[in-house]
Amino acid sequence: MQVYILELQGTGEDEYAFECAGAFSTLALAEARLAEINADYADADDFAFTLEDNARIEEYKLDA
């Protein structure tokens with residue numbers, strides 16, 4: 001079984017640290033959550049989380 005962890009940079013006390021924003025069973029669900037989060041920032045002067053920049057989705061195998 002695989003799990004996908006969505007992490008966002010700068011959401012905690014350390015602006016350079018990545019913080020967990022959710023765990024998902026599919027990559028598509030993780031990407032959809034990232035889109036939802038970015039929609040919340042739509043009015044924030046073009047701020048958005050971008051994969052490979054200030055957002056990442058890590059893949060882990062459970063019980064491997």
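Placed above this text is the structure.
Note that the coordinates shown come from a computational prediction; the quantities given were computed from them, not determined experimentally.

*Asks:* What exactly am I supposed to notice about the overall build of the protein here?
*Replies:* Looking only at helices and strands, the protein has 1 helix and 3 strands in total. Projected onto the principal axes, the alpha-carbon positions of the protein cover approximately 45 × 25 × 15 Å. Across the 64 residues that make up the protein, the buried fraction comes to 23%. Within the protein, contacts between residues separated by at least 24 positions form 48% of all contacts whose residues are at least 6 apart in sequence. Only carbon and sulfur atoms are counted for the fraction: they give 47% of the accessible area of the protein, which is about 4,600 Å².

*Asks:* Can you help me understand the pairing of strand S1 (residues 2-9) in this one?
*Replies:* Within a regular beta strand, the side chains point alternately toward one face of the sheet and then the other, so they alternate between its two faces. Judged by how many residues are buried, S1 sits mostly within the fold: 6 of 8 residues are covered. Pairing between S1 and strand S3 (residues 55-61): 7 bridges, direction antiparallel. Bridge pairing in S3 places Val3 opposite Tyr60. Where S1 lies against strand S2 (residues 18-24), 6 bridges are found, and the strand directions are antiparallel. The residue bridging Tyr4 from the neighbouring strand is Phe24, located in S2.

*Asks:* Just checking my understanding: could you explain the packing of aromatic side chains for this structure?
*Replies:* The geometry of an aromatic ring pair is captured by two quantities: the separation of the ring centres and the angle between the planes. Evaluation of the coordinates by the stated rule reveals 1 aromatic pair. Ring centres of Tyr41 and Phe49 lie 5.6 Å apart, and the angle between their planes is 80°; on these two criteria the pair is classed as edge-to-face. Over the ring of Phe18 we find Arg56, and its NZ or CZ is 3.8 Å from the ring centre.

*Asks:* Which parts of the structure should I look at to understand helix H1 (residues 27-40)?
*Replies:* Note that an α-helix has 3.6 residues per turn; residues three or four places apart therefore point the same way. An ideal rise of 1.5 Å per residue puts 20 Å on 14 residues; H1 measures up with 20 Å between its terminal C-alpha atoms. Of all the positions in H1, only Ala30, Leu34, Ile37 and Asn38 are classed as buried. Seen along its axis, H1 keeps its buried residues to an arc of 100°; they face one direction. The exposed residues of H1 that point more than 90 degrees off its buried face are Ala28, Ala39 and Asp40. Buried residues belonging to H1 abut S1, S2 and S3.

Cut-offs and rules
Residues numbered from 1 in each chain as written. Predicted model: local features only at pLDDT ≥ 70, side-chain atom pairs only at ≥ 80, totals over all residues. Heavy atoms only, no water. Helix = DSSP H or I, 4+ residues; strand = E, 2+ residues; numbered from the N terminus. Buried < 20%, exposed > 50% of the residue type's maximum accessible area, 1.4 Å probe, protein only. Contact = heavy atoms within 4.5 Å. Areas by Shrake-Rupley, 256 points an atom, 1.4 Å probe, with all protein chains shown as cover. Pairing = 2+ DSSP bridges. Phe/Tyr/Trp six-rings, centres within 6.5 Å; stacked < 30°, edge-to-face > 60°. Lys NZ or Arg CZ within 6 Å of the ring centre and 35° of its normal. Expected span 1.5 Å × (residues − 1). Arc of directions from axis to C-beta.

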